[in-house]
Amino acid sequence: MIKNYLTIALRIFLKHKSFTLLNVVGLSLGMVASLFILQYVKYERSYDAFHSKAKDIYRVNYNQWQNGKLRFECAAAVPAVGPALKNNFPEVLRFTRLFPVSGIASYNSPTRGVISFREEKMQIADSSVFEVFDLTLKQGDKIQSLAGPDKVVLSERAAKKYFADEDPMGKTIAWDGNRKFEVMGIFKNLPENSHIKFDFLFSYGTLNKETQNESETQWGWYDFNTYVLLRPGTDVKNLQTKWDAWLANNRAEDWKKFSGKQEFPLQPLLGIHLGPVLLQESQPDERGDADSVYALTAIAFFILLIAWVNYINLATAKSFERANEVGVRKVMGAQRDQLMKQFMSEAFLLNLLSALLSVLVVWLLWPSFTNLSGRNIPLNYLAQQDFWLVVTSLFLVGTFLAGFYPAMVLSGFKPVSVLKGKVMSNPHGNFLRKGLVVFQFVASVVLISGSVIVYQQLNFMRNQDLGIDINQVLVLKGPGVVVDSLFGQALDGIKAEALRINGVKNMTGSSNVPGDEIFWASSVRRLLADPNTNISGYIVGMDHDYVAAFGLEIIEGRNFDVTTQRNKSVIINRAMSAALDFKDPKSAIGEKIRQGNDTLEIIGVLENYHQMSLKEQVTPLVYRYTPHFASFLSFKMEDENIQNVLPQIEKIWQTHFPGNPMDYFFLDKFFNRQYENDKRFGQIFTLFTALAIFVACLGLFGLASFMTLQRTKEIGIRKALGSTSTEVVMLLSKGFVVLVLIANFIAWPLAWFIMNQWLQSFPYRITINPLLFVVAGMGVVLIAFLSVGLQTLKAAAINPAKTLRSE
């Protein structure tokens, strides 16, 4: 019997090729889009899940409150919290701290000479890092490899990079020239889906030696990513409550010094990648976005629903063509359940064919999709059990949802009425079909509006005036050497020589550049103010050319100059002036502040500018004069001379810092990298929006084809009575266009609500223009009219003599 069902289904498909093709293409595209999106979502949610104890690992974050206001939320905590948690709460089994560093690493090979590279993925770590995280040591001992000072463990990648085919164990690698470390182990490279990545792990004892154990006891130095491993089954909410109480009892006296309090909330390791973005995040450019993941999941759901709705509409619309078939079968003794099985088998075969085709398309387009998503999602995802479970689920759910209702309609025809030619369309069926068409285009209008708003917001952020000139700026990362008088002389020499190059307009050295997160933080208050009014401020070190090189505006006071004493004067920005409660920027000039342990006179106030992207508020900043300290050297260039200037600057660099690799970037690209994730989200959103609209129009095209076919004789009669082709097209298209218009009126407020909620996450955002919804809606109406109009025009062009010949 099953063989008979399948044979008949195949004959039906071959007989109605257009019907079959429309459904297979629609269902396949729906499944392709869903599989891509669901695999992307799976990857985003898989971050850090490769650690066997991931569910019991928590990061200790740091929130600082002052005068009842939350000053900041930070991913890096103070070094003392790890020991405090371990020593006072039995629920905490282990803790480990990771202190991020960077610099020049070098190895003096006996055969290949000095091998040196600038490294950004470096951490100083407790030896317990191997007990908390699943770091597989290929060589070395987990207990001894990071025990004591001046030891380092390398990733396989770093070991190959520096030592090639040599055995790294026991050899010495230098960090920033004068620090020597013995290689004690090699660990397996971390997977891509890790929220924190590193190639060098230096022993924590090194930091303890250099800071005289302040890296164990400090409660104010918040640069340490701290993780705790809890006992399985720990009630984390209860532990957090006890931890907060312990802090209140033991830290209250210190909190009085700044009229605030410290919070150290526990964040699940598995929730970091898609969690809120905090200050001092590890790999901030690779962070995921939970809202984007939810939005893409919704799109996948909508595209699948649209594809299934297409099948239901086309199958029920075509049911009248098969009414005689059903009538004959029933007269010959077929039962309703047998007919149901027949029609469900057709849905089964169509969905099976679509599923197999979708898997093939996903496999072929996988590299293109991973490139678009910006994630290196491994191809072996397609071989995992989860993938095939999703494919099977989509196939089975699609078979049932798309096949059950048409099977009910087709199997429910009464043979007597059918064979007498009295099959009447069911008003409930018509209402359902119309409702499904409305749903399809509600989703389409919402998606179109959403993709346009995403583009507008991204374009707004990229083109907004930052208050600082980042164009045509070449930036060199400072050399990995100790800052001393020789370094200062080298900077002076580089500047003097660079300014003689045709095409270099200015040069400045600074601790940070726009787009680089500032880690130099300190307490700041007015000198005569209550010590309890300290606020947390971020510090930028710069020379006297910084303001001119970046085109900053001094709104009050003056700039630094060569006579400025570095420990006497300071510049602040307008935001810091307001944070210190000055009446206006002018009243801040000449006033003194306490920044850390230094007393400084405010000599100037800068207009606010965006140090980071427009996804963040303008930060109150303090500017210190540091002419002989620079993490970055910035060269303001003339447009036409950039490529000619670069080799000359490299020559100057090698003269003053021989053996140090020159690492450079262009500031505008560096700054705009902060929008890369948003840009990729916009591209993916737009792509799948277009796909959803195409699938919806595919269904509308098919539905119009069958409706037009049913009304062929009506068209012939109207043509014979004098109607023009245009009038016939307008008449037949009107019903569909009205449905799309209804969809617009439902979609507009829905789209506004959804996208307005999304925009609230941006401190600087566009205002949604209502005309956008009208344009998007009219665009959908036009697309729908063209989809339907092509079919009706084709039918209207037929000579009525042909259509009425048999009447």
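These figures come from a predicted structure and were not determined experimentally.

Asks: Would you mind going over the overall build of the protein chain in detail, with residue names and values included?
Replies: On a plain count of helices and strands, the protein chain comes out with 25 helices and 24 strands. Taking all 807 residues of the protein chain together, 52% fall into the buried category. Partitioning the contacts of the protein chain with sequence separation of at least 6, the portion at a separation of at least 24 is 80%.

Asks: How would you explain the pattern of salt bridges if you had to name every residue and give the values?
Replies: In this structure the tally under the stated criterion is 26 salt bridges. The partner of E120 in a salt bridge is K477, and the shortest N-O contact between them spans 2.9 Å. A residue pair is termed long-range when its members are at least 10 positions apart, and E120 in strand β5 (residues 113-125) and K477 in strand β14 (residues 473-477) qualify at 357 residues. For E120, a relative accessible area of 42% translates into the label partly exposed. We classify K477 as buried; its relative accessible area is 17%. Salt bridges sharing common partners tie together R59, E281 and R287.

Asks: Requested: an account of the nonpolar core, with residues and values cited.
Replies: If you look at the biggest cluster of nonpolar residues, it comprises 141 residues, and the most contacted ones within it are W219, W243, F264, F441 and F688. In terms of residue count, helix α14 (residues 427-463) provides more of this core than any other element does, 13 residues in total. With near-sequence residues (within four places) excluded, F264 lies in contact with V60, N61, Y62, A77, V78, V81, W219, Q240, W243 and L247. Listed in part, the 23 residues of the second largest apolar core include F99, V101, I124 and F181.

Asks: Before we move on, can you summarise the packing of aromatic side chains with the specific residues and values?
Replies: All chains considered together, the criterion is met by 41 aromatic pairs. With a centroid separation of 4.9 Å and 35 degrees between ring planes, the pair formed by F99 and F224 is classed as tilted. One end of the pair, F99, is in strand β4 (residues 92-109); the other, F224, is in the loop between α7 (214-217) and β11 (225-230), with 125 residues separating them in the sequence. The class for F99 is buried, based on a relative accessible area of 12%. Considering the side-chain rings of F181 and F202, the 4.6 Å spacing of their centres and the 45 degrees angle between planes classify their relative orientation as tilted. Of this pair, F181 sits in strand β9 (residues 179-187) while F202 sits in strand β10 (residues 200-203), and the two are 21 residues apart along the sequence. The exposure classification of F181 matches that of F202, with both residues buried. Just above the ring of Y381 sits the side chain of K42; from NZ or CZ to the centre is 4.3 Å. For the cation-ring pair, K261 lies above W65, with the distance from its terminal atom to the ring centre recorded as 5.8 Å.

Asks: Requested: an account of the sheet that holds strand β2 (residues 62-66), with residues and values cited.
Replies: Taken in spatial order, the 3 strands make up an open sheet running β3-β2-β12, and their pairing is antiparallel. Taken across any chain shown, the strands that pair with only one partner, and hence form the sheet edges, are β3 (69-74) and β12 (260-263). Going from strand to strand, the sheet's axes swing by 15 degrees on average, the running direction of each strand aside. In terms of strand pairing, β2 meets β3 through 5 bridges, oriented antiparallel. Bridging across to β3, Q64 finds its partner in F72.

About the thresholds
Residues numbered from 1 in each chain as written. Predicted model: local features only at pLDDT ≥ 70, side-chain atom pairs only at ≥ 80, totals over all residues. Heavy atoms only, no water. Helix = DSSP H or I, 4+ residues; strand = E, 2+ residues; numbered from the N terminus. Buried < 20%, exposed > 50% of the residue type's maximum accessible area, 1.4 Å probe, protein only. Contact = heavy atoms within 4.5 Å. Salt bridge = Lys/Arg side-chain N within 4 Å of Asp/Glu carboxyl O. Core = buried A, V, L, I, M, F, W, Y, C linked by side-chain atoms within 4.5 Å. Phe/Tyr/Trp six-rings, centres within 6.5 Å; stacked < 30°, edge-to-face > 60°. Lys NZ or Arg CZ within 6 Å of the ring centre and 35° of its normal. Pairing = 2+ DSSP bridges. Axes fitted to C-alpha atoms, helices over the stretch in contact; angles between N-to-C directions.

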